[in-house]
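Inside the fold
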Amino acid sequence: MSHNTFGHLFRVTTFGESHGPAIGCVVDGCPPRLPLTAADIQLDLDKRRPGQSKFVTQRREPDQVKILSGTMPDASGMEVTTGTPIALMIENVDARSKDYDEIAATYRPGHADYTYDMKYGIRDPRGSGRASARETASRVAAGAVARKVVPDLLVRGALVQIGDIAIDRSRWDWNEIGNNPFFCPDAQTAKKWEDYLDGIRKKGSSIGAVIEVIAENVPPGLGAPVYGKLDADIAGAMMSINAVKGVEIGAGFESARLTGEENADEMRMGKNRRPEFLSNKAGGILGGISTGAPVVARFAVKPTSSILTARKTVDRYGNETEVSTKGRHDPCVGIRAVPVGEAMLACVIADHYLRQRAQVGEPVNWPFPPSNK
């Protein structure tokens, strides 16, 4: 299997299967002398960890990360990156492969069973192998490293819609994110989701969701015209996450309804003689290059395909049959996709930050307009 690596200068290669001994990643291209400990990475992994509420899979994985290479104590004794590949490993401790014995040869509708079999002539039925969302833990670990690369970078995500119930944006409060099991910035909507998702969970069904991720303190100038656009790479990164079926930047598809006057982000001179935008329909990116405004992306996650309701299918021998998926599954995979989206956005921005430094040096930092002397 190829294509397990993403990024250009900040490169991440993930490895491992859902029911194998371990999963992990190798981060290549991280600059040296950045403070990094396992505890730094664990903070992000704990947000994605399964089994933390009744609304996510009950697989009990501690997701304890181990740094195998790429760091050492500096003269003060602080662990820092060395500039060499950073290898991170997370052991699997609660896999139940027997849950999949009965459907080992059956293609589950909505899953990658059929396509993997058609491509490789073999597939891992135990939790879907590499196609499992378990792989995303490795991305979250890499994202924790990426956050160290760009000075003052702040990347946060929120669940903004489950099914047809969306948040009220007038009540958006980042402080609410940690007060509910949904990463929801709207306390009232989080209460609605509890009853709604509990009913879906008890039926053995699932539902889709929309996640919004926002990166602040992104310097202007990141990204390249035409084929190296920052928003194109963000879209590709989000689409690579399991179960994602749609991505939008800034106003996204809503911009099709707007007039030119409504869509244009007007500008005024702000602090430090730098332009400021009066709105952010562009999502912090113009012409594929960051503007300095917050980078905003949203992605839609389909319903978890593993459900108890019997669905018509075929097996790998051509027999028509039905399948219902038992075991431990997320009734809404979008919940734990929030830290994954954060990680992918951080990785893309870190990669483009290093590309900018390699091509033209540090992002432009002069007052506006520049001196003509």
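Source: prediction; values computed, not measured.

What follows deals with the overall build of the protein chain. Counting its regular elements, the protein chain contains seven helices and 18 strands. Taking 2.2 N^0.38 as the reference for a compact globule, 373 residues should give roughly 21 Å; the C-alpha atoms of the protein chain span a radius of gyration of 22 Å, in line with that estimate. Each principal axis of the C-alpha distribution contributes one length, and for the protein chain these read about 75 × 55 × 40 Å. For the protein chain, the proportion of its 373 residues judged to be buried stands at 46%. When the accessible surface of the protein chain is totalled, it reaches about 18400 Å², and 52% of it is carbon and sulfur. Looking at the protein chain, you have 47 positive and 45 negative side-chain charges, and the mean spots of the two groups are 1 Å apart.

Strand order across the open sheet formed by five strands is β9-β8-β10-β16-β11, with antiparallel pairing between neighbours. Two strands in the sheet have a free side with no partner beyond their single neighbour: β9 (165–166) and β11 (244–249). The pairing of strand β8 (residues 154–162) with β9 spans two bridges and is antiparallel. Residue Gln161 lies in a different strand from β9, and its bridge partner there is Ala166.

This part covers the sheet that holds strand β4 (residues 65–67). Pairing within the open sheet is antiparallel, and its five strands lie in the order β1-β2-β3-β7-β4. Whereas interior strands pair on both sides, the edge strands pair on one side only; in this sheet they are β1 (5–6) and β4. Bridge count for strand β2 (residues 11–16) against strand β3 (residues 22–28) is six bridges, and the pairing is antiparallel. Its bridge partner lying in β3, Phe15 is registered against Gly24. Of the strands in this sheet, β2, β3 and β7 (86–91) are in contact with helix α3 (residues 136–146), which crosses β3 at around 30°.

What follows covers the packing of helix α5 (residues 230–239) against helix α7 (residues 334–360). A packed helix pair is summarised by two numbers, namely the angle formed by the two axes and the spacing between the axes. Remark: α5 packs on α7, axes separated minimally by 9 Å, with the N-to-C direction vectors making an angle of 145°. Helix-helix and strand crossings are classified by hand; for α5 and α7 the assignment is right-handed. Between α5, through Leu230, Asp233, Ile234, Ala237 and Met238, and α7, the contact on the second element is made entirely by Gly341, Met344, Leu345, Val348, His352 and Arg355. Residues belonging to the contact of α5 with α7 are distributed by class as follows: seven nonpolar, two polar and two charged.

Side chains carrying opposite charge are able to pair once their charged atoms draw close together. Applying the stated criterion to the full structure yields 22 salt bridges. Note that Asp63 and Arg134 form a salt bridge whose closest N and O atoms lie 2.8 Å from each other. Here the residue Asp63 occupies a position in the loop between α1 (38–48) and β4, and Arg134 occupies one in the loop between α2 (113–120) and α3, the gap between them amounting to 71 residues. Each member of the pair, Asp63 together with Arg134, is buried. Two residues, Asp351 and Arg355, come together in a salt bridge whose shortest N-O distance is 2.9 Å. Taken as a pair, Asp351 and Arg355 lie in helix α7 at a separation of four residues, close to a single helical turn. You'll find Asp351 and Arg355 in the same group, each marked buried. Among the ionic contacts, a cluster of salt bridges with common partners joins Asp44, Lys47, Arg147 and Glu342.

Parameters and conventions
Residues numbered from 1 in each chain as written. Predicted model: local features only at pLDDT ≥ 70, side-chain atom pairs only at ≥ 80, totals over all residues. Heavy atoms only, no water. Helix = DSSP H or I, 4+ residues; strand = E, 2+ residues; numbered from the N terminus. Rg over C-alpha atoms; globule rule 2.2 N^0.38 Å. Buried < 20%, exposed > 50% of the residue type's maximum accessible area, 1.4 Å probe, protein only. Areas by Shrake-Rupley, 256 points an atom, 1.4 Å probe, with all protein chains shown as cover. Lys, Arg positive; Asp, Glu negative; His and termini not counted. Charge placed at Lys NZ, Arg CZ, Asp CG, Glu CD. Pairing = 2+ DSSP bridges. Contact = heavy atoms within 4.5 Å. Axes fitted to C-alpha atoms, helices over the stretch in contact; angles between N-to-C directions. Left-handed = near helix turned anticlockwise from the far one by under 90°. Nonpolar A, V, L, I, M, F, W, Y, C, P; charged D, E, K, R; others polar. Salt bridge = Lys/Arg side-chain N within 4 Å of Asp/Glu carboxyl O.

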